[in-house]
Amino acid sequence: MLVTGGMGFIGSNFVLYWLDRHPEDRIINLDALTYAGNPDNVASVCHLPNYRFIRGDISDAACVQRIFREERIDTVVHFAAESHVDRSIADPQLFVRTNVLGTQCLLEEARRHCVTKFVHISTDEVYGTLGQEGRFTESTPLAPNSPYSASKAGSDLLARAYYETFNLPVVITRCSNNYGPYQFPEKLLPTVITRALQNMPIPIYGNGLNVRDWLYVEDHCSAIERVIRSGTPGQVYNVGGGNERTNLQIVQNVLAELGKPTSLIQFVPDRPGHDLRYAIDAGKLRRKLGWQPRYTLERGLKLSVAWYLEHGSWWRKLLKAPSPDDPAAAPDTA
Ligand code: NAD
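From a predicted model like this one, the values you see are computed outputs, not experimental measurements.

A. Representation of the overall build of the protein within the structure. From N to C terminus, the protein includes eleven helices and twelve strands. Across the 334 residues in the protein, those meeting the buried criterion constitute 48%. The contacts in the protein between residues at least 6 apart in sequence include a share of 84% that link residues at least 24 apart.

Have a look at this one:
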């Protein structure tokens, strides 16, 4: 199995999840180690004989070709991406290169080497924004609003085209906001936790009333497992936790869990093109593949807060690392 972006937040959770449950499988982890890639995330498996890390860029065709030539890749699980919306506003071209061209490069080699499944990990953001009512289904038209979501939508369409044109067995998943261990502290949950622990102000965009659907990362991994096993090629599956909350509610919940005052909250000017509400209808994944999330938001938040409390050395190291650029005025809630 080739996992791309396996040093990032969701990819590393997936590598750990998969090797724990499928110790007979071999994983090649291809990751460019951008600012978001962290080898510490997979330190517990890096000694295993059936795990191999390759530092490389998914948009480097020669590198991707070499991997497919050297390794017998059966399944691709494609997480690697530039994933931060504010960074996409600061540098859209990087997002097109990695998310669009990088995905095409992988699809092309996968096609040439006849892989049996290519799981393309996408996002609910490709659907754009909702008003107060309704949920995204797999047939909601794509209407991305940020350079990030537009680049992901572009990669989804290429993945779809490789199925339609070349019969590559592609399955696309579109998930909602993930949270849990190993999330880089530019995203909402780890930012709130790590700043609150340092009694630092917690910036929130606008009035904090943007709504997101929250998914515990282990539930996302189990959804991908179902899709690898039984997902139908050419299909899209939405993945969501069924936990719609405003950003403000999430921050208040975390502060309460940590016993910190809400006076730490600081509202900052809104992000341009900030989507108001995302909500996922994950009914297809439940009905067709029998998937259910295991974690309520309350339990997932408790576990996440406990994890960041126990792993201070993991995130303190990242806070110290110099950032290549720092476009974020407030943490990303996508
Ligand atoms: P992340 O930013 O934490 O990790 C991305 C990983 O990809 C990093 O390890 C990075 O080094 C690697 N990478 C970046 N550019 C690369 C390149 N050119 N070649 C090889 N590796 C490269 O992202 P994440 O939050 O783990 O998201 C993983 C996937 O899930 C992405 O495709 C993202 O669009 C999607 N997604 C994430 C969320 C979320 O809430 N985090 C929600 C929906 C969808």
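B. Seen up close, the site of the ligand. The local shell around the ligand holds 31 residues, among which Gly5, Gly8, Gly37, Ala81 and Thr123 are the closest. For the shell around the ligand, the secondary-structure elements that each account for two or more residues are α1 (9–21), α4 (92–112), β5 (117–123) and β7 (177–179). Its residues placed into classes, the shell around the ligand shows 14 nonpolar, 13 polar and four charged.

C. How the structure looks around the pairing of β5. Counting buried residues along β5, six of its seven residues qualify, which places the element largely inside the surrounding structure. As defined by bridge partners, strand β4 (residues 75–78) adjoins β5 across four bridges and the pair is classed as parallel. Within β5, the position partnered with Val77 by the bridge is Val119. Here six bridges tie β5 to strand β6 (residues 170–175), and the two strands are oriented parallel to one another. Each bridged residue has a counterpart across the sheet, and for Phe118 the counterpart in β6 is Val170.

D. Representation of the pairing of strand β10 (residues 236–239) within the structure. Across the two faces of β10 the burial is the same, with Val236 and Asn238 and Tyr237 and Val239 all buried. Looking at chain direction, β6 and β10 are connected through four bridges and run parallel. Considered in β10, the bridge of Ile172 is made with Val236.

E. Layout of helix α6 (residues 188–197). Summarising burial for α6: seven of the ten residues are buried, a large majority. Every buried residue of α6 is listed here: Leu188, Leu189, Pro190, Thr191, Val192, Ile193 and Ala196.

F. Summary view of the domain arrangement of the protein. Structurally, the protein comprises domain 1 (2–178 + 216–239) and domain 2 (180–212 + 243–275 + 295–320). At the junction of the two partners, domain 1 supplies 21 residues and domain 2 supplies 14 residues. Of all the elements in the fold, those that place two or more residues in the side of domain 1 that touches domain 2 are α1, α3 (85–90), β7 and α7 (217–230). Taken together, the residues of the side of domain 1 that touches domain 2 sort by class into five nonpolar, eleven polar and five charged.

G. Main features of α1. In this model α1 runs 19 Å from its N-terminal to its C-terminal C-alpha over 13 residues, within 8% of the 18 Å that 1.5 Å per residue would give. Within α1, the full set of buried residues consists of Phe9, Ile10, Gly11, Ser12, Asn13, Phe14, Val15, Trp18 and Leu19. Where α1 is buried, its residues meet β1 (2–4), β2 (27–31), β3 (51–55), β4, β7 and α7.

H. Summary view of the environment of Leu318. Its location among the elements puts Leu318 in helix α11 (residues 312–320). Owing to 17 C-beta atoms within 10 Å, Leu318 belongs among the partly exposed residues under this scheme. Between the C-alpha atom of Leu318 and that of Leu168, which follows or precedes it by 150 residues, the distance is 38 Å. Leu318 has contacts with Phe184 and Pro185, leaving out every residue within four places of it along the chain.

Cut-offs and rules
- Residues numbered from 1 in each chain as written.
- Predicted model: local features only at pLDDT ≥ 70, side-chain atom pairs only at ≥ 80, totals over all residues.
- Helix = DSSP H or I, 4+ residues; strand = E, 2+ residues; numbered from the N terminus.
- Buried ≥ 20, exposed ≤ 12 C-beta atoms within 10 Å, placed from the backbone.
- Contact = placed C-beta atoms within 7 Å.
- Near = placed C-beta within 6 Å.
- Nonpolar A, V, L, I, M, F, W, Y, C, P; charged D, E, K, R; others polar.
- Pairing = 2+ DSSP bridges.
- Domains from an automatic or database assignment.
- Expected span 1.5 Å × (residues − 1).

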